[in-house]
Amino acid sequence: MTEARYVCEGTCGGSVSEEEFNSGKNVCGTDGCPKKGEPLVRND
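In what follows, the accompanying structure is described.

Two cysteines, two sulfur atoms, one covalent bond between them: this is a disulfide. Evaluated as defined, the whole model comprises 0 disulfides. For Cys12, which is in no disulfide, the shortest distance to another cysteine sulfur is to Cys33 and amounts to 3.6 Å. Its relative accessible area of 29% is what places Cys12 among the partly exposed residues.

Now the structure itself:
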């Protein structure tokens with residue numbers, strides 16, 4: 001079974017683990033990404 005990931009739907013393609021998401025990394029923080037500041041979406 002794979003771990004759930006939370007991903008940015010913007011062009012940066014950033015992702016974090018569920019643990020990182022739960023510790024507060026729940027929005028895109030990549031400079032220059034059109035979705036910066038937008039919530040990450042669960043991708044499992």
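Here the focus is the sheet that holds strand β1 (residues 5-7). A sheet is described by the order of its strands in space; here 3 strands give the open sequence β2-β1-β3, paired in antiparallel fashion. The sheet terminates laterally at β2 (15-17) and β3 (41-43), the two strands that pair on one side only. Looking at each pair of strands side by side, their axes are set apart by 35° on average, direction ignored. Where β1 meets β3, 3 bridges bridge the pair, whose relative direction is antiparallel. Across the sheet, the residue bridging to Tyr6 is Arg42, located in β3.

If you trace the backbone, Asp44 turns up in the segment after β3. Accessibility expressed as a relative area gives 64% for Asp44, which makes it exposed. In the structure, Asp44 is positioned 40 residues away from Ala4 in sequence and 4.8 Å away in space, judged by C-alpha atoms.

Conventions and cut-offs
Residues numbered from 1 in each chain as written. Predicted model: local features only at pLDDT ≥ 70, side-chain atom pairs only at ≥ 80, totals over all residues. Heavy atoms only, no water. Disulfide = S-S within 2.5 Å. Buried < 20%, exposed > 50% of the residue type's maximum accessible area, 1.4 Å probe, protein only. Pairing = 2+ DSSP bridges. Helix = DSSP H or I, 4+ residues; strand = E, 2+ residues; numbered from the N terminus. Axes fitted to C-alpha atoms, helices over the stretch in contact; angles between N-to-C directions.

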